[in-house]
Amino acid sequence: PSPAGEPGHVGRPGLPWEGTVEHGFPSQPSALAYDPVLRVMAIGTKAGAVKLYGAPGVELTGLHKETATVTQLHFLPGQGWLLSLLDDNTLHLWEVCQKEGCSHLEETRSFGLPGRPGCSPGITRVTVVLPMAAGAMVCLGTEGGAVYFVTLPTLTLLEDKTLFPDEILLSVPDDYRCGKALGPVESVQEHPRNGSQLLIGYSRGLVVLWEQSTRTVQHLFLGNQQLESLAWEQSGKSIVSSHSDGGYMVWAVSGTGQKTQQPTMSTIPYGPFPCKAISKILWRTCESGNPFIIFSGGMPRASYGDRHCVSVLQGQTLATLDFTSRVIDFFTVQSPSPPSPGFENPRALVVLVEEELVAIDLQTPGWPTIPAPYLAPLHSSAITCSCHVSNVPLKLWERIVSASSLPPSALHPSLQAWPIDGGKNLAQEPTQRGLLLTGHEDGTVRFWDASGVSLKPLYKLGTANIFQTDCEHNDSLNQAGEEEWPPFRKVGCFDPYSDDPRLGVQKIALCKYTAKMVVAGTAGQVLVMELSDEKSEHAVSVATVDLLQDREGFTWKGHDRLAPRNGPLHFPPGFQPSVLVQCVPPAAVTAVTLHSEWNLVAFGTSHGFGLFDYYRRNPVLARCTLHPNDSLAMEGPLSRVKSLKKSLRQSFRRIRKSRVRDRPVSPPQVQEANAQLAEQAGPPEVEMTPVQRRIEPRSADDSLSGVVRCLYFADTFLRDAAHHGPTMWAGTNSGSVFAYALEVPSQEKFSERAVEAVLGKEIQLMHRAPVVAIAVLDGRGNPLPEPYEVSRDLAKAPDMQGSHSMLISSEEQFKVFTLPKVSAKTKFKLTAHEGCRVRKVALVSLASAGSEERLENCLACLTNLGDIHIFTVPSLRPQVHYSCIRKEDISGIASCVFTKHGQGFYLISPSEFERFSLSARNVTEPLCRLEVARLQDTSCLRWAVWGVWGALLWWNPSRTRLGPRGSSSSEVCEGLVVPGACRGGWEQGECLS
Amino acid sequence: MNRAQRGAAGSRGLGTMEVKSKFGAEFRRFSLERSKPGKFEEFYGLLQHVHKIPNVDVLVGYTDIHGDLLPINNDDNYHKAVSTANPLLRIFIQRKEDADYSAFGTDTMTRKKNVLSNVLRPDNHKKKPHIVISMPQDFRPVSSIIDVDILPETHRRVRLYKYGTDKPLGFYIRDGSSVRVTPHGLEKVPGIFISRLVPGGLAQSTGLLAVNDEVLEVNGIEVSGKSLDQVTDMMIANSRNLIITVRPANQRNNVVRNSRTSGSSGQSTESSLPSSTPNILGNLQGEEESDEEDIIIEDSGEPQQIPKAAPTSESIESLSQIELLHESTQNGFLPSSDMNLNHSAGSISMEYEVPEQGRKSLEEDGTIITL
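Residues numbered from 1 in each chain as written. Chains lettered and ligands numbered in written order. Predicted model: local features only at pLDDT ≥ 70, side-chain atom pairs only at ≥ 80, totals over all residues. Heavy atoms only, no water.

Under the annotation held in an unreviewed UniProt entry, chain B carries the name Par-6 family cell polarity regulator beta and is attributed to Catharus ustulatus. What UniProt records for chain B under Sequence similarities (unreviewed entry) is the sentence "Belongs to the PAR6 family." (UniProt positions renumbered as here; feature names shortened; annotations may be inferred.)

Under an unreviewed UniProt entry, chain A has the name LLGL scribble cell polarity complex component 1 and belongs to Catharus ustulatus. According to UniProt, the comment filed for chain A under the heading Sequence similarities (unreviewed entry) is "Belongs to the WD repeat L(2)GL family."

**A word on unusual backbone geometry**
Residue and element names in this part refer to chain A. Omega for the bond connecting L152 with P153 falls within 30 degrees of zero, at -5 degrees, which places this linkage in the cis form. Mapped onto the fold, P153 is located in the loop between strand 12 (147-151) and helix 1 (165-169). Cis peptide bonds are those with omega within 30 degrees of zero, and the linkage from G271 to P272 qualifies with 5 degrees. Assignment of secondary structure puts P272 in the loop between strand 21 (265-267) and strand 22 (278-286). Unlike most non-glycine residues, R215 shows phi in positive territory, near 50 degrees. With respect to the secondary-structure elements, R215 resides in the loop between strand 15 (206-211) and strand 16 (216-222). Given a relative accessible area of 28%, R215 falls into the partly exposed group. Positive phi, normally seen in glycine, also occurs at W367, with a value near 45 degrees. On the secondary structure map, W367 appears in the loop between strand 28 (356-361) and strand 29 (369-370). Residue classification places W367 among the buried positions, given a relative accessible area of 7%. (Helix = DSSP H or I, 4+ residues; strand = E, 2+ residues; numbered from the N terminus. Buried < 20%, exposed > 50% of the residue type's maximum accessible area, 1.4 Å probe, protein only.)

**Structural notes on the environment of Y497(A)**
Note that Y497(A) resides in the loop between strand 35 (488-490) and strand 36 (505-511). By relative accessible area, Y497(A) is classed as exposed at 66%.

**What about the side chain of S229(A)?**
As for its position among the elements, S229(A) is in strand 17 (residues 227-232). Polar side-chain contacts of S229(A) include one of 3.1 Å to the backbone nitrogen of I281(A). (Polar contact = N/O pair within 3.5 Å; in protein donor to acceptor, adjacent residues only side chain to side chain.)

**Quick notes on the sheet that holds strand 12 of chain A**
Residues and elements named next belong to chain A. One open sheet holds the 3 strands; their spatial order is 10-11-12, and the pairing between them is antiparallel. The open sheet terminates on both sides in strands that have one partner only, identified here as strand 10 (126-131) and strand 12. Ignoring which end each strand starts from, the neighbouring axes of this sheet average 25 degrees apart. Summarising the sheet, strand 11 (residues 137-142) and strand 12 pair through 5 bridges and their orientation is antiparallel. Within strand 12, the residue paired with L140 across the bridge is Y148. (Pairing = 2+ DSSP bridges. Axes fitted to C-alpha atoms, helices over the stretch in contact; angles between N-to-C directions.)

**Describing the pattern of salt bridges**
Residue and element names in this part refer to chain A. On inspection of all chains with the given rule, the structure shows 32 salt bridges over all chains. Among the salt bridges present, the one from R399 reaches D533, with a minimum N-O distance of 3.1 Å. One end of the pair, R399, is in helix 4 (residues 394-405); the other, D533, is in the loop between strand 38 (525-532) and strand 39 (536-538), and 134 residues separate them in sequence. (Salt bridge = Lys/Arg side-chain N within 4 Å of Asp/Glu carboxyl O.)

**Looking at helix 4 of chain A**
Residue and element names in this part refer to chain A. Compared with an ideal rise of 1.5 Å per residue, which puts 12 residues at 16 Å, helix 4 spans 16 Å between its outermost C-alpha atoms and is within 8% of the ideal. When helix 4 is considered as a whole, its buried residues turn out to be L396, W397, I400 and A403. Viewed along the axis of helix 4, the buried residues span an arc of 130 degrees, placing them on a single side of the element. Turned more than 90 degrees off the buried face of helix 4, the exposed positions are K395 and S405. Packed against the buried residues of helix 4 are strand 32 (435-440), strand 33 (444-449), strand 34 (456-462), strand 38 and strand 42 (574-584). (Expected span 1.5 Å × (residues − 1). Arc of directions from axis to C-beta. Contact = heavy atoms within 4.5 Å.)

**Observations regarding the UniProt feature "repeat: WD" (unreviewed entry) in chain A**
According to UniProt, the positions carrying the feature "repeat: WD" (unreviewed entry) are residues 435-449 of chain A. Structurally, residues 435-449 of chain A comprises 0% helix and 80% strand, and the distance from its first C-alpha atom to its last is 5 Å.

**Notes on the UniProt feature "domain: PB1" (unreviewed entry) in chain B**
Mapped onto this structure's residue numbering, the UniProt feature "domain: PB1" (unreviewed entry) falls at residues 16-96 of chain B. The annotated region residues 16-96 of chain B carries 26% helix and 42% strand content, and the separation between its end C-alpha atoms amounts to 29 Å.

**A few points about the side chain of Q582(A)**
Residues and elements named next belong to chain A. Tracing the backbone shows Q582 in strand 42. A residue is classified by how much of its surface remains accessible, and Q582, at 0% relative accessible area, is buried. What Q582 contacts, discounting residues up to four positions off in sequence, is F467, G524, V542, A543, T544, V545, R561, L562 and P564.

**Considering the nonpolar core**
All names here are of chain A. Counting 35 residues, the largest nonpolar core has I400, L435, L437, F447, L461, M517 and F575 as the members making the most contacts within it. Tallying contributions element by element places helix 4 first for this core, with 4 residues. For M517, the contacting residues outside a window of four places in its chain are L437, F447, L461, I508, A509, L510, L527, V528, M529, F575 and L594. (Core = buried A, V, L, I, M, F, W, Y, C linked by side-chain atoms within 4.5 Å.)

Shown next, in the form of structure tokens:
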């Protein structure tokens, strides 16, 4: 993800692959800043990214050319300038630029402090950055104790203004000086009322109020405790300093030339035992009462030294906000227009911790959290699977939203609006509602509003409460500790520890018309859920399906099944389970599919697959796919971990054995070996352990060959060309496809007659590669619609006259077969040609940029090399391909989901989805504007050039994409896919490239 | 029927030849065009047709000018028979099951008369195992060096036929670096090499590949620029009909073509390394389609090979062939009636081996043979 594109990027077909927007929480944040005028915040990351967030939908992204950690970020309030300090000690100026009505973040200049001759480079290491309110200068405090001044926006050093510690030491009394240096500058704060006065704090504890204009010391605070941070009281009458011993001190500021030995107040809030340092402290005045003192750290070293805390203290009220990850930084948000000028009246406290962003409402008693509209911690429990539902009907959407709006617990979230609301979102209202479902390790399924730029949490469904797990008493423990001191309060939702790995969600299927959902997990549990607007108390009926089907000689060595809780259970409004199907053996569910019209759910594991009628609540079919020689399939994922010791022991044995065998080499063999060595032309290549790969075709008895990889329902022609009917298809890891003809009673007779399944066909792909997807195409070559889509007039009825065909995608090739005679029509051997393997595949319909009517069905395929290939359907002609994900990023590739309309998501970090688009029409990317009032207009020269490019670019009024990236990859892709429709796009691309 | 009738009608031009065919006690006479005898399969079908034994497997023999009974079982010896027959081609047909293989060979006609010697020394000819020349469909392709004529002498293109053998392919590949001659001189480039041959495996038993041979192409696709994993995947994907072009580590056994002197092998051809593959594809494509056909089992439990919807038709010349096809399908040559619709003329060459148990065939690779 690079910042707004460069002219060279435009129109090069296929080359630049860029995601459109990142959803979730940036990985490894390292810096935070807030602009109270623009009301936007910025987050910097260890990877060198800078992200600006304002109102929902207002997002700007920039990336430093250097991949260095952003250690500090500072806004020049209101001016659209942002200073970033990297850990390579360079300072960078970012600018919010406007082009074509949209704002973009651009790095304009960078600066490094010149080293001082004869000194170690460490002393010019910048420790403090303070942009001055006047806006024309930045003040840099350094490791060596010097304070430098740099002009803005040119970033030139004002050498004559530099303040060296020697100058300060002149005014320091001798008994304080003791010949010791002042240490690094720890904090520089501007006087809240008088811009020319700076409060400079040195590590040793000395704090100086420095008058810039006259270069005189106004006030000396002779602190003796190692200083961590400083903050002004808003009136400028007192300051607060925090220290490494976990204490803070309040000092009174008075007239000129004074020296203060003692603070007016000094306290160690979590004493008396040794405490950790208070790394940052804020003092915020409040009209309604005592001032807020907010600080991070300071916990008693021995008992709570490992906690990540921010403390909020107002008068006698103290809350110790206890986070699950390290605190990076925090700030408070003031009301935009203070009711009375003397007070700051903080509305909210925003804390950035390593894994999430938490906002606390400081105006509501109890200081509840404010739910964030973006930066959702997707990884609050690790994501185990994801699934996208497009075009969600409004009715279902509203029901899901209302189910989530009722708070499940006593911890009411604040009703206060999100306080960071700067900027204007210019993106069009999303034309349809998209739902992203993520399954998590702890058994929850989270529903996200993926319609627009910001991924909003909608609803969270837990499945753990259906089972007996040991996690329950944990909650009671927490409650018991209420009286403890410090008054810890758990905030945030990042909790990477799963109580029971068996709860993990493996597969999700949702029917958006009937609000039925299937959630399947690691211990072979398949939950059929129904959306209910009322809370309910009912028992979940449990059924077990034996997938081994009396196969003998197999003993499951993996985990036990989850024991369901007995009796009626309480369920809040939302998705409530009606049936629990448990597979035997309880291996992880590897495929699941749902047909709500036929009331059927199909599920598969590494042992076989089953079909369950959830209306009559009885199993219809179970089929074992296990190969008799497959031993690995019977070991659950957990038992394999357990057997590590065993395998280690075995490998040691093997080594020993081979040594024994190798030693007595018979003389003729030695001679032969020597002769071979001599025959080699050059010196033998020095390769320690050459990586070898065995070349062998797959055989039927490869391990895990029976894993069911995909399941599919279709109303099509299986037995003869005259009659179509319900069918179910299953594909396995060894290239087998099983097709069943289903006898499904009509709607009225569901309760009377049972569903029957008869094996219709078995197909064995000769190349035996895993079958990753099966789809049936109608007579016109279109994929069959989803259940209810036709009866509700949401899709065209499929063509049942022409002959249907079946698309089978294996890891190695795509094949289209005719139905009902399964004869091969077309195929594309991806692996044989490209040497890559299919990881994810989906049928997507891409709309032409010119007209929404022109839809083209394509096969989108993500390979193990991270490339996305697009093929026509059903002719399977390769169209374009992009390199999309790094091939080393296995979890990114594994996490990819395609939407029906040619967008997609993949995880770029455990907490972030990158969104991309293969379509020119269907693009979700941030378009926003920040109104910047800059003192000097310094629009960089480059923009003049851009103007020309821009004019060329934005000429076409029918364009829907506005960003400069807009015209890059996906447009060209579309041009290829729908050749006639987007000739405009092509020409544009050519004239620009 | 046409040709036989035409022959019988007596239009005996110079180009035609009389055929006298004996099956059991029955004789049939018909004529063949000497210049255009057609393929053996057509002739075989024609014989079955004229003798009204459409689904009987038979052995076909003829007497050559020396009076020896020689078999006809492929295009070559069929053409030989036609070209040498003068004026009459005598055909002897035996049922396969009660065929007397010893009848074939040199001096067979004379030996036959010498019954006494056979009776006196019966073990004499039992000891000698007779070489049976089978029908074309009984043959299977074997691994070989191919495209010798279009490849540089330093390269070797090897086709490994896994088909029908239980042997593992049996080799390993590794990363390495190779030295190439480029316009800028010698350059070290990454390459893929054969690292190990499994004893008793196909690769070793053919003797066509050796450790440290550099792999240049896999089924016509250059491997340069591809990772070891990619090449592994490509080889496995093509493992049923794997064609690898290698530069043998040992360049001493290269095939030396007549057009070149032996001294020219080695470095001189190096620089003329083919840059793009299509022009030297040679054998790579033609047989590609036949190598892997998926098996489909209908609910009856019978396995079938999945036929192609639109098979590429082979040479269909004579009218009689079409008729033959009709006959053969009618008589259950193909296992399922479903297949008829799909078959056009070219697919006569397909034959299915139907094992008793459908399930079993799924687990075996080589049961389905296509020619």
